[in-house]
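Analysis of the macromolecular model
Letter by letter, the chains look like this.
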Amino acid sequence: MAEEKDSTSIPLSAGGGVDGGMDPEDPAKSPPSAPNSTRRACFAVLQSWASKKFMTGCVVLFPVAVTFFVTWWFIRFVDGFFSPLYAQLGINVFGLGFLTSLLFIFFVGIFVSSWLGATVIWLGEWFIKKMPFVRHIYSASKQISTAISPEQNTTAFKEVAIIRHPRAGEYAFGFITSSVILQTESGDEELCSVYVPTNHMYIGDIFLVNSADIIRPNLSIREGIEIIVSGGMTMPQMIAPQEGVMMVPRPPHHQPQGVRLKKMTS
């Protein structure tokens, strides 16, 4: 009986064995790697935090860098008009050509506001419009500059407009450029020509919209241009119609629709 007790087998897990009962090839019995997992988690958190802070810095510095670069380029570009003249006179002061250019532009504005200046500009435009290729470039650039002109003459944008386009419940920003009376069998109808830019400011569609269907917000022309050029990022949080301008409700069966001029056929 004593020999049978001595010969009883003892499990390796109880006896310890060579490796203390741990099988290195069994993942369930391998020692836990808590320090390694904690280190990896801390590294991931630190990497995510550093990445977010780096992107935050890029977001803050990007507009500053672009503004500084464009401003510096503009100053050097404008300064280059009169700086060679001062260099011939032996005056090398950076920025002096830029100030001279600003004064030159100011005096040009005063000159063209007079009768004599307007006559000179008219003669210059008449000569340019006779040139085959240059007249198209001049006409396009003049339309854009006239749109933001503070004088707001007959060829400039009149008002900022919001029209229902392209479907019900959707709206589009545009500019009222002119108005026209549409004569129909039911009577005369006042239509406004609304220019809706589709590629910043120089490409867009023209819609003829009933005057009563146009929402005229309390935005200036420059604010409307900033909204379109910025892709809507400068959109105010609240837009209200102009004082004294109310939309006239239309019957449900008469939904306002814009008419593209390029689709109109005779």
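Residues numbered from 1 in each chain as written. Predicted model: local features only at pLDDT ≥ 70, side-chain atom pairs only at ≥ 80, totals over all residues. Heavy atoms only, no water.

Focus: the overall build of the chain
So the rule is basically this: By the criteria applied, helices consist of DSSP H or I runs no shorter than four residues and strands consist of E runs no shorter than two, each listed in order from the N terminus. Each residue is assigned to one of three classes by its accessible area relative to the maximum for its type, calculated with a 1.4 Å probe on protein chains only: buried under 20%, partly exposed between the two thresholds, exposed over 50%. Computed with a 1.4 Å probe, the accessible areas rest on the Shrake-Rupley method; for each residue, only the protein chains presented here act as cover.
Scanning the chain from N- to C-terminus turns up 7 helices and 5 strands. Burial status across the chain gives 20% buried among its 266 residues. Carbon and sulfur atoms provide 66% of the accessible area of the chain, an area that totals close to 20,600 Å².

Points about the nonpolar core
A general tendency of soluble globular proteins is for nonpolar side chains to be buried together. Going by this rule: Nonpolar cores are built from buried Ala, Val, Leu, Ile, Met, Phe, Trp, Tyr and Cys residues. Side-chain atoms within 4.5 Å join them into one set.
By size, the foremost hydrophobic cluster in this structure holds 12 residues: Phe157, Val160, Ile162, Phe173, Phe175, Tyr195, Ile215, Leu219, Ile221, Ile225, Ile227 and Ile228. For this core, the secondary structure elements donating two or more residues are strand 1 (159-164), strand 2 (171-184) and helix 7 (221-229). Looking at which element gives the most residues to this core, the answer is helix 7, with 4 residues.

Thoughts on the pattern of salt bridges
In plain terms, the rule: The term salt bridge refers to a side-chain nitrogen of Lys or Arg lying within 4 Å of a carboxyl oxygen of Asp or Glu.
Considering all chains together, one arrives at 1 salt bridge under this definition. Of the charged contacts, one joins Arg216 and Glu159 as a salt bridge, the two residues approaching to 3.2 Å between their closest N and O atoms. Within this pair, whereas Arg216 is found in the loop between strand 4 (203-210) and helix 7, its partner Glu159 is found in strand 1, the two being separated by 57 residues in sequence.

Description of the packing of aromatic side chains
Each aromatic ring pair is described using two quantities: the centre-to-centre distance and the angle formed by the ring planes. For clarity, the cut-off: Side-chain rings of Phe, Tyr and Trp, where Trp is taken by its six-membered ring, are said to pair if the distance between their centres is within 6.5 Å; with planes under 30 degrees apart they count as stacked, over 60 as edge-to-face, and otherwise as tilted.
Counted according to the given criterion, the structure contains 6 aromatic pairs. Ring geometry for Phe74 and Phe98: centres 6.2 Å apart, planes at 85 degrees, overall edge-to-face. In this pair, Phe74 sits in helix 3 (residues 34-88) while Phe98 sits in helix 4 (residues 96-112), placing the two residues 24 residues apart along the sequence. Three or more aromatic residues joined by ring pairs form one cluster here, namely Trp73, Phe77 and Phe81.

Considering a nonpolar patch on the surface
Stated formally: Exposure above 30% relative accessible area and the absence of a salt bridge qualify a residue for a patch, where like charges join within 9 Å and nonpolar side chains (Val, Leu, Ile, Met, Phe, Trp, Tyr) within 5 Å.
There is a patch of nonpolar side chains on the surface, built from Phe62, Val66, Phe69, Val70, Trp73, Phe74, Phe77 and Phe81 and spanning about 890 Å² of accessible area. Take Phe62: it is sitting in helix 3.

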